[in-house]
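Overview (structure and organization)
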Amino acid sequence: ATTRPPVGKDKETPKAKATGDMDKDYGPEVAGFKTVIEKHPTSKAAQMAALNLSEIYVNYKKMDDASAALEKVAEKSSGKDLISAIVLTQYGNVLSNKDNCKGAVEAWGKVLAQSQAAFMHDTLRLKSAFCYEKMNEVTKAEELYKKVSQNSQDPKNPEAGETGLGKDAEKYLRLLKVKK
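Everything quoted here is computed from the prediction, not taken from an experiment. (Residues numbered from 1 in each chain as written. Predicted model: local features only at pLDDT ≥ 70, side-chain atom pairs only at ≥ 80, totals over all residues. Heavy atoms only, no water.)

This part is about the nonpolar core. By size, the foremost hydrophobic cluster in this structure holds 43 residues, and its most contacted members are Tyr57, Leu70, Val111 and Tyr145. Among the elements of the structure, helix H1 (22-39), helix H2 (44-59), helix H3 (63-74), helix H4 (82-97), helix H5 (101-112), helix H6 (118-134), helix H7 (138-152) and helix H8 (165-179) are those that each provide at least two residues to this core. Among the elements that line this core, the one with the most residues is H2, at 7 residues. Ignoring any residue separated from it by four or fewer positions in sequence, one finds valine 111 in contact with Ala85, Leu88, Thr89, Ala117, Met120, His121 and Leu124. (Core = buried A, V, L, I, M, F, W, Y, C linked by side-chain atoms within 4.5 Å. Buried < 20%, exposed > 50% of the residue type's maximum accessible area, 1.4 Å probe, protein only. Helix = DSSP H or I, 4+ residues; strand = E, 2+ residues; numbered from the N terminus. Contact = heavy atoms within 4.5 Å.)

With the rule as written, the count across this model stands at 9 salt bridges. For lysine 72, the salt bridge is made with glutamate 38, and the minimal N-O distance between the two is 2.5 Å. Of this pair, lysine 72 sits in helix H3 while glutamate 38 sits in helix H1; the two residues are 34 residues apart in sequence, bridging distant segments of the chain. Judged by relative accessible area, lysine 72 falls into the partly exposed class, the value being 38%. For glutamate 142, the salt bridge identified is with lysine 146, shortest N-O distance 3.7 Å. (Salt bridge = Lys/Arg side-chain N within 4 Å of Asp/Glu carboxyl O.)

Quick look at the environment of glycine 20 now. Within the secondary structure layout, glycine 20 lies in the segment before H1. What makes glycine 20 exposed here is its relative accessible area of 54%. Counting along the chain gives 39 residues from glycine 20 to asparagine 59, while the straight-line C-alpha distance between them is 9.7 Å. Ignoring anything within four residues of it in the chain, the contact list for glycine 20 reads Asp25 and Tyr60.

A word on the environment of valine 138. Within the secondary structure layout, valine 138 lies in helix H7. In this structure valine 138 comes out as partly exposed when scored by relative accessible area, which is 26%. Sequence spacing of valine 138 and lysine 179 is 41 residues, and the spatial spacing of their C-alpha atoms is 9.9 Å.

Following this line, the structure appears as structure tokens:
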């Protein structure tokens, strides 16, 4: 009988280092993700593939490709379940990085409209407020900063984001008032 070394005890699987060339680093995976998105655009598998693919593109600073990968599944995502809410959030993040704040706010708005994603709301309100500032819609930005700040006062509020969001919102609100 042969004895095997205990799994994870003696040898660690060597990790390949990224070369900086996306095709070399992720070639077959990128093609696989694209295939899933094309063949099954309304499936959860396509949503997960788009999330993974967009993350690869973002890491290689290919924002247009990241946006395109997410767009096909984002337009069919409601935000009513966790995966589609994450897809819409990531799509909004990519659009914001591309300076398309109008599109970003629309994507995040779909998640904000869903009570099931309440735990994401204040984070998305803060991101939306940043975009509204960029679009010179100061009143909307101010309203969102105030809402995040108010929500943070009640730790039992399901919309209250992670610790510190309220203080961040208050800081940005003060900065906004200084700008006026």
